[in-house]
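Coordinate analysis (summary)
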Amino acid sequence: MQTFLMALLQFFIILIISPFIVGLMQKTKSLVRGSVGPCVFQPYFNILKLMQKEVVLSNQSSYISIIAPYIVAVVPITVAGFLPVFDSNTLMSFSGDIIAMVYILALGTFFLALFGFDQGSSFGGLGSSREMTVASLAEPAFIMVIFTFALQSNSTNISHIFDSMRGDIFFNYPVSSTLALMALYFVTLAEAGRIPIDNPETHLELTMIHEAMILDASGRNLALLEIGSFVKTTIFLTLFSNIFMPLGFYDTNTIWTIGFSIFIYFIKMSTLGVIIAIGELTLAKLRYFRISDAMMFGFVLALISMVTYRL
Amino acid sequence: MKEIFDSIHYFCDEFSEDGNFVTIKTKQLKSLSLYLFRDLDCDLSNVVALRAKDGFIIKYLYSYPKKDYFFIVWQNVQDKFESFADDIPALNWFEREIYDLFGLIPLNHPDFRALPLHPENYPIGFHPMQNDEIKDENYGTYEYKDVKSEGVYTVPVGPIHAGVIEPGHFRFAMSGEPILQLEIRHFWKHRGIEKLCEGKEIDKVLKISQKISGDNALSHALSFAMAVEKICGIKVPSFAQYCRVIAAELERISCNLSDFAGVFQDAGYSFGASGITALKEDIMRLMKLLGGNRFFKDFVIIGGISKNIKPYTKEIIAIIKQVNITFDKYKKIMENSSSILERLETTGKIKKQTVKDLSCVGFTASASGRFSDFRKTHPYLIYSKLDFETLVLDEGDVSARVQVKLNDIKNSFKIIKICTNYISQVDKPKLKARYEIKDGEEFGYAQSNRGNIVHFVKIEDNKVVRFKPRDPSFMNWQSIQFAVLGDVMGDFPLINKSLNLSYAGNDL
């Protein structure tokens, strides 16, 4: 019972924190630019507001537009059930295969792309075709990073990987782990749609990737798609932080250790959010055809990291 | 010049010279136009149709950049005229505009579709400048030149966009990401300025002229005022001339900074964008301090200026100095950032021949190897006394255009410094000259940040009977169709921003 409660707690922490992380990134960017910017809790209000609004669908759209937002939202939420935040007992720890996790995420991307196409507007199709290109370039690098961890911990079960991470994997294999970290950073930028791959703030329809697909979404559908993208971003950051900053974990669970672990997790995520936001500010967006170069760089890093997994 | 005049005499029936304006009437219009456009390498600057006693007159204004001369070629027409848009592509839009507004038919026009008056919104046969009557209640349609082929799809963008920007319709023919063809359709905000100004008092037209393109309010007012001053023979006091130059340069800095910020923004570099926007705000506050509003509206009046800016010389010098320092910092950031330069270089190339054919003006032309700056080639106000270096680059890409603009900002800082030194030494500032309105018609011109503005003004009985402004955007818009070829869709906003054309100025 206690393990189930722990799993449920971790699951909800990921869900609850995710709009905050995105809000924090926006706030950081605004502050560095010298403007005040929206409150860090603005994404919560946005979701609440959108939930109350009616859905307007294009008359070109089919049943895909009705089901796709739910799938896009549910997929990352399901994946959140795989991820350990501070305890290896997760909702899916009985079968928490990391390869399954990668491809469940891909299912969300697939339906998001379908949703873009289904609107019948040219921007949706444009966004979908770009998103699929970026996703197919990011996937090999992601899988290579995953394989590195699987090799290092001799398991593809996320909870096992997590347990061995809490040991000394990072310090036992510093070369491989550092390279994997760099590769995962590229993957995170691509999957979360951040600069230099995609610009989440732009109003220019022609340069958008993720935003172009959801340009026609409204009301509850838009809220669901937003939740999907928030949770996805948080999943990647959680993966990042738990693998490379294995702090704040305890073998025994008391109220105090749990509270402290949650606090540490919160700090780690905020730090990562701020780092990514500042990284975005120092770069311009890449040309569309240069994205493959960046992703190739990520892939090569991941490949070297896998080959040298004992270093 | 004598040789040129001799060659022109060979074509012409009537020839008159007035200052740097040469007026020519000829029957061999085509050969003379081609001689001016091709052999002398003149730019087409404005085309004006106006009502005459019987029929209409069409005037073509060519500017000769090598010497400070303008050629006005004119002809009488009844209801149709010969089109030579095939040979002088810059005439294409002018001739279509004349048909829409006056109903004069350009014979053998290569692309005879409606331009300013959309056939969906204006009844067939309605030509507002000819007469007001609506003969027909039927509406037409507009045919796009879409590319139809397997694997080519059309992406229509606008006229409503996702951001707060002016309306414009862009139709891309795409094959994957690369752009095969771009067709633009503008004129969604036709306000009928030419019709509105007919028979209005001069002061009212001066006010209207400032609304042609919001950010270039002062430059438009300046070209209108200078046309009127030329007609009435007004000598503007030199103090007022220096103040006008300061105002014009401040406007130029503010527009160029805004472009610079826009390029950062559209390249996805928001840190630089907000920094530069803050600088622009400093300049606009200075403009408010000097002129009473943020766009220098009503600063220029006929015969001089409306406000004395002498008491604020200290503020001008202090703010310009501080803006200059911060500007250099951001310029360095741009020059040292590979990720920004990588976006700008080789993007949106415009060939020199395209610039020549379309008579593009301003930085668009200067960045493609064809120098265009009326401050140097046709100096007005006191620009001939000022010493500044203009930049001509051959690359023709976004990066070249940005560099020309950055150089322009530097020039403006320098010019303002010289002019403030001068006005601070004047003891008794004289703001405006006394004048009487006379009848006549003249061209007035000024260099805005986008290029030269040329206004045609005709006054009869103290009223403006014909006002034909020509904004630089009207000359430059077509170049974007060539700039995007071969580039990818995602780079279009950046190219568009680097050209930064006005939708309102284009559509009168």
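Note that residues are indexed from 1 along each chain, following the sequence as it is written. Written order decides the labels, with chains lettered from A and ligands numbered from 1. Totals for whole chains, interfaces and linings use all residues, but because this is a predicted model, local features are given only for residues with pLDDT of at least 70 and pairs of side-chain atoms are given and counted only at 80 or more.

1. A few points about the overall build of chain A
To qualify as a helix, a DSSP run of H or I must reach at least 4 residues; to qualify as a strand, a run of E must reach at least 2; elements of each kind are numbered from the N terminus. When helices and strands are tallied, chain A shows twelve helices and zero strands. Listing every helix and strand of chain A by position from the N terminus yields α-α-α-α-α-α-α-α-α-α-α-α. To get the radius of gyration, use the C-alpha atoms; to get the globule rule, take the number of residues to the power 0.38 and multiply by 2.2 Å. Since a compact globule built from 311 residues should have a radius of gyration of about 19 Å, the 19 Å found for chain A is in line with a globular shape. C-alpha extents for chain A along the principal axes are approximately 55 × 45 × 40 Å. Any residue pair is listed as a contact if its two C-beta atoms, each placed from the backbone, are within 7 Å. Partitioning the intrachain contacts of chain A with sequence separation of at least 6 by distance along the chain shows that 79% fall at a separation of at least 24.

2. Overview of unusual backbone geometry
Looking along the chain, the bond that leaves A:I195 and enters A:P196 is cis, with omega of 10 degrees. Relative to the helices and strands, A:P196 is located in the loop between α8 (174-192) and α9 (210-213). Of note in this structure, B:F187 is not a glycine but carries a positive phi near 65 degrees. Relative to the helices and strands, B:F187 resides in the loop between β10 (179-185) and α4 (193-196). Working definition of burial: number of other C-beta atoms within 10 Å of the residue's own, with buried at 20 or more, exposed at 12 or fewer, and partly exposed in between, all C-beta atoms being placed from the backbone. On the basis of neighbour counts, which here come to 21 C-beta atoms within 10 Å, the residue B:F187 falls in the buried class.

3. Some details on the sheet that holds strand β2 (residues 21-26) of chain B
Residue and element names in this part refer to chain B. One open sheet accounts for five strands, arranged β1-β2-β5-β4-β3; its pairing is mixed. In the strand order of this sheet, the two ends are held by β1 (12-18) and β3 (43-51), each with one partner. Pairs of neighbouring strands in the sheet enclose a mean axial angle of 20 degrees, with direction left out of account. Paired strands, as defined in this entry, are two strands with at least two bridges between them according to DSSP. Relative to β2, β1 is paired through six bridges, and the arrangement is antiparallel. Counted as the bridge partner of E14 is K25 from β2. The strands that helix α1 (residues 2-11) touches are β1 and β2; relative to β1, the one it contacts most, it runs at about 145 degrees. Axis lines are fitted through C-alpha atoms, for helices just across the contact stretch, and the angle between N-to-C directions can take any value from 0 to 180 degrees.

4. Remarks on the nonpolar core
The term nonpolar core refers to a group of buried residues, namely Ala, Val, Leu, Ile, Met, Phe, Trp, Tyr and Cys, whose C-beta atoms join them within 7 Å. A:A141, A:V145, A:A183, B:Y62 and B:F71 are the most contacted members of the largest nonpolar core, which has 232 residues in total. Per-element accounting of this core gives the leading share, 15 residues, to helix α7 (residues 238-266) of chain B.

5. Quick notes on the interface of chain B and chain A
A common way to state how big an interface is: give the accessible area lost once the parts meet. Of the residues lining the interface, 23 residues belong to chain B; the matching set on chain A comes to 23 residues. Elements with a contribution of two residues or more to the side of chain B that touches chain A: β8 (153-157), α8 (270-291), α10 (338-344) and α17 (492-499) of chain B. The dominant element in the side of chain B that touches chain A, judged by the number of residues it contributes, is α8(B), at four residues. Here the side of chain B that touches chain A is composed, by residue class, of 13 nonpolar, six polar and four charged. The nonpolar class holds Ala, Val, Leu, Ile, Met, Phe, Trp, Tyr, Cys and Pro. Asp, Glu, Lys and Arg form the charged class, and all remaining residues, Gly among them, are polar.

6. Concerning the pairing of β3(B)
Of all nine residues that make up β3(B), seven are buried, and the element is covered over most of its length. Between β3(B) and strand β4 (residues 56-64) of chain B, which follow one another and run antiparallel, lie four residues, and B:G55 among them has a positive phi close to 85 degrees.

7. Side note on the domain arrangement of chain B
Residues and elements named next belong to chain B. One can read the domain layout of chain B as domain 1 (2-107), domain 2 (153-185) and domain 3 (193-297 + 312-428 + 438-506). Residue ranges assigned to the domains are those given by an automatic or database domain assignment. One C-alpha centre belongs to domain 1, the other to domain 3, and the line joining them spans 26 Å. Between domain 1 and domain 3, the contact holds 15 residues from the first and 17 residues from the second. The element that contributes the greatest number of residues to the side of domain 1 that touches domain 3 is β3, accounting for six residues.

8. Brief notes about the sheet that holds β10(B)
All names here are of chain B. Reading across from one edge, β8-β9-β10 is the order of the three strands in this open sheet, with antiparallel pairing throughout. Taken across any chain shown, the strands that pair with only one partner, and hence form the sheet edges, are β8 and β10. Pairwise comparison of adjacent strand axes, ignoring direction, gives a mean angle of 20 degrees for this sheet. In this structure, β8 lies alongside strand β9 (residues 169-174), joined through five bridges in antiparallel fashion. Residue pairing for β9: V157 is matched across the bridge by F170.

9. Some words on the environment of B:I317
Relative to the elements of secondary structure, B:I317 occurs in helix α9 (residues 313-336). Taking C-alpha positions, B:I317 is 7.5 Å from B:T420, a pair spaced 103 residues apart along the chain.

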